Amino acid sequence: MLSLCRVVRPLAFRARRCAHNPAFSHLNTVTEEDVAHFSNILAPSSVFSTIGSNSVSSNDIATYNVDWMGKYYGKATTVLRPRSTAEVSEIVKWCAKRKIGIVPQGGNTGLVGGSISLDKEIVLSLGAMSKVRSFDPVSGILVADAGCILQSLSEYVAPHNHIMPLDLGAKGSCQIGGNVSTNAGGLRLLRYGTLHGTVLGLEVVLPDGTILDQLSTLRKDNTGYDMKQLFIGAEGTLGVVTGVSILTPPAPQASHNVMLALPRYDNVLPLFQTVRRQLGEILSSFEYIDRTAYDMAIDHGHSRIFNEEELKSTQCFVLVETSGSNKEHDEQKLTELLESLLTAAKPLIVTGTLSQSAAQFASLWALREGLTEAVQKEGKPYKYDISVPIADFQRVVDVLRDQLKSRGLYGDHAVSKVMGYGHVGDGNLHINVIAKHGYAPEIEQALEPFIYEVVASLNGSVSAEHGLGSMKPHALHYSKSNVSIDWMRKIKGTFDPLNIMNPGKVLP
Ligand SMILES: Cc1cc2nc3c(=O)[nH]c(=O)nc-3n(C[C@H](O)[C@H](O)[C@H](O)COP(=O)(O)OP(=O)(O)OC[C@H]3O[C@@H](n4cnc5c(N)ncnc54)[C@H](O)[C@@H]3O)c2cc1C
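Residues numbered from 1 in each chain as written. Predicted model: local features only at pLDDT ≥ 70, side-chain atom pairs only at ≥ 80, totals over all residues. Heavy atoms only, no water.

A separate point is the nonpolar core. Counting 65 residues, the largest nonpolar core has Leu271, Ile431 and Ile443 as the members making the most contacts within it. What isoleucine 431 contacts, discounting residues up to four positions off in sequence, is Tyr382, Lys383, Tyr384, Ile386, Val396, Val397, Leu400, Val418, Met419 and Ile451. (Core = buried A, V, L, I, M, F, W, Y, C linked by side-chain atoms within 4.5 Å. Buried < 20%, exposed > 50% of the residue type's maximum accessible area, 1.4 Å probe, protein only. Contact = heavy atoms within 4.5 Å.)

Spelled out as structure tokens, the structure:
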């Protein structure tokens, strides 16, 4: 790579059991009769239950009952893997008749406990619905089953010179239906916007089993309420997404990236302004990594990008990506930017490393994308995915660390690291608090509601992109007014009057 300096459980929380929670008391437990019915309407290989004559052991369905972080543990006795929208509809009709709760589950990579059954709900896994229904290489419109894995869809459109409008570290497991249901953001949002813009239509099985077919491939359609928007980010509380129509952009002809080392956090905002002004339309990502997160990634085997001397005066890092249609033009713009950054009277950066090959390009991204997995290897993480003004990113991380110190919880005996990284370009910071010896009530009590109060004082959002799941419904009021929450409840009541669809999630 080109160095610019030289050249230019022990205590794992069980999911809150809600045996006496009114959100679950109206629901029925799955019986042998229910399992027999599911076995009638689905193929035998689509029904997994610890109940009934063909029962499996709880170990056989264990992976459906624990989330990616190992933080939330579910209680589902029954997992169904339908293979068509019609089968989903039949399942939901029966569950509505019998008042059985349903948890839609995609790739189970969500980070807020939304895909886990909290009480006696069944898990409805979309994994067996994974066909591409159509792709138009001229318009770039892709229509796919909800269970298609994001990476498979990227690979499907790549030979046609298209890319998916979203990309995230979990792409190898997360599903397009899960992405839509969480309104996932990720690494391309700065360039291609949110799923509210790129999703053109949805097919949804409503909580009474009706199939709502709005799988439009139209870019423009102003015929009344745009209902699909309600399901984007609904986290499975309004229905089961079974099909997605999405606009895939043309693949950029040239992509470059550069990792910049900054002497202090205060330089991030002016750097963002400079980069945005100078790179204009070719800027596609602007990602922030603090020093603690960078050091952790190196400890976990990622390639060293800067030498010890350079790191002595570095407090944080920014990964900039450009995507455009003219390689020479983009390279020239990037080189001019870097020269101006390094020769400025008051340089905003210490140094930078520009990738010189596809392998180096991938290696810089691997460090950024690998942070979530590296965090997972460090201990048990408390994750706060917040939107706050960019100028306050580092202050929020520091304030949270100070809070833990003041409670005597910072150090190898409790919280070993507090770090921040995220999508600066979108104002989205991921704070990770690593509990070295596992989740513990005193740590959670020190963090919450403290962190939510800090976010509210900055007029931020308690969930920028991960959603609310079962982790944050109680914190919704920090980001939404009572009027908004009342209307959310009315919408939920209209679609799902029996409250069978992912109960206990999103709404307090
Ligand atoms: C390593 C890693 C990196 C990540 N990076 C990002 C990132 O950059 N940006 C980001 O936004 N998120 C990120 N995430 C979080 C997660 O990957 C996303 O939220 C993803 O969109 C979840 O998709 P999934 O298929 O795994 O859904 P699941 O985890 O299975 O479900 C998530 C929620 O959606 C509901 N749901 C799932 N499928 C359906 C369906 N078909 N119909 C109705 N409801 C459904 C579930 O009930 C649940 O409430 C990351 C996670 C990991 C592990």
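Of all residues except glycine, most have a negative phi; of all peptide bonds, most are trans. Along the chain, glutamate 448 connects to proline 449 via a cis peptide bond; the corresponding omega equals 5 degrees. Tracing the sequence through the fold places proline 449 in the loop between helix H16 (441–447) and helix H17 (450–457). The phi angle at lysine 99 is positive, at roughly 55 degrees, despite the residue not being glycine. Relative to the helices and strands, lysine 99 is located in the loop between helix H3 (85–98) and strand E4 (102–105). One non-glycine residue, glutamate 235, adopts positive backbone phi at about 55 degrees. With respect to the helices, strands and loops of the structure, glutamate 235 is situated in the loop between helix H8 (228–231) and strand E10 (240–247). You can call glutamate 235 buried: its relative accessible area is 10%. (Helix = DSSP H or I, 4+ residues; strand = E, 2+ residues; numbered from the N terminus.)

Another aspect to go through is the environment of arginine 276. With respect to the secondary-structure elements, arginine 276 resides in helix H9 (residues 268–279). On the accessibility criterion, arginine 276 (45% relative accessible area) is partly exposed. Linking arginine 276 and phenylalanine 286, residues 10 residues apart in sequence, is a C-alpha distance of 9.2 Å.

The positions that UniProt labels "domain: FAD-binding PCMH-type" (unreviewed entry) are, in the present scheme, residues 72–251. Taken as a whole, residues 72–251 contains 23% helix and 22% strand, while its terminal C-alpha atoms sit 38 Å from one another. (UniProt positions renumbered as here; feature names shortened; annotations may be inferred.)

Let us now look at the pattern of salt bridges. Counted according to the given criterion, the structure contains 19 salt bridges. Taking the shortest distance from any N to any O, the salt bridge between aspartate 167 and lysine 171 comes out at 3.0 Å. Given a relative accessible area of 12%, aspartate 167 falls into the buried group. Overlapping salt bridges bring together Asp167, Lys171, Arg188 and Glu369 as one network. (Salt bridge = Lys/Arg side-chain N within 4 Å of Asp/Glu carboxyl O.)

It is worth spelling out the pairing of strand E14 (residues 351–354) at this point. Side-chain alternation along E14 places Thr351 and Thr353 on one buried face and Gly352 and Leu354 on a second face that is also buried. Direction of pairing for strand E11 (residues 254–262) relative to E14: antiparallel, over a ladder of four bridges. For methionine 259, the partnering residue across the bridge sits in E14 and is threonine 353. (Pairing = 2+ DSSP bridges.)

The mixed open sheet is built from four strands, whose spatial order is E2-E3-E5-E4. Only two strands of the sheet have a single partner each, and these edge strands are strand E2 (47–49) and E4. Averaged over all pairs of adjacent strands, the angle between their axes in this sheet comes to 20 degrees, without regard to strand direction. Here strand E3 (residues 78–80) runs beside strand E5 (residues 122–125); their pairing, made up of two bridges, is parallel. Directly across from valine 79, in E5, lies its bridge partner valine 123. This element, helix H2 (residues 32–41), spans E2 and E3 of the sheet and lies at about 165 degrees to E2. (Axes fitted to C-alpha atoms, helices over the stretch in contact; angles between N-to-C directions.)

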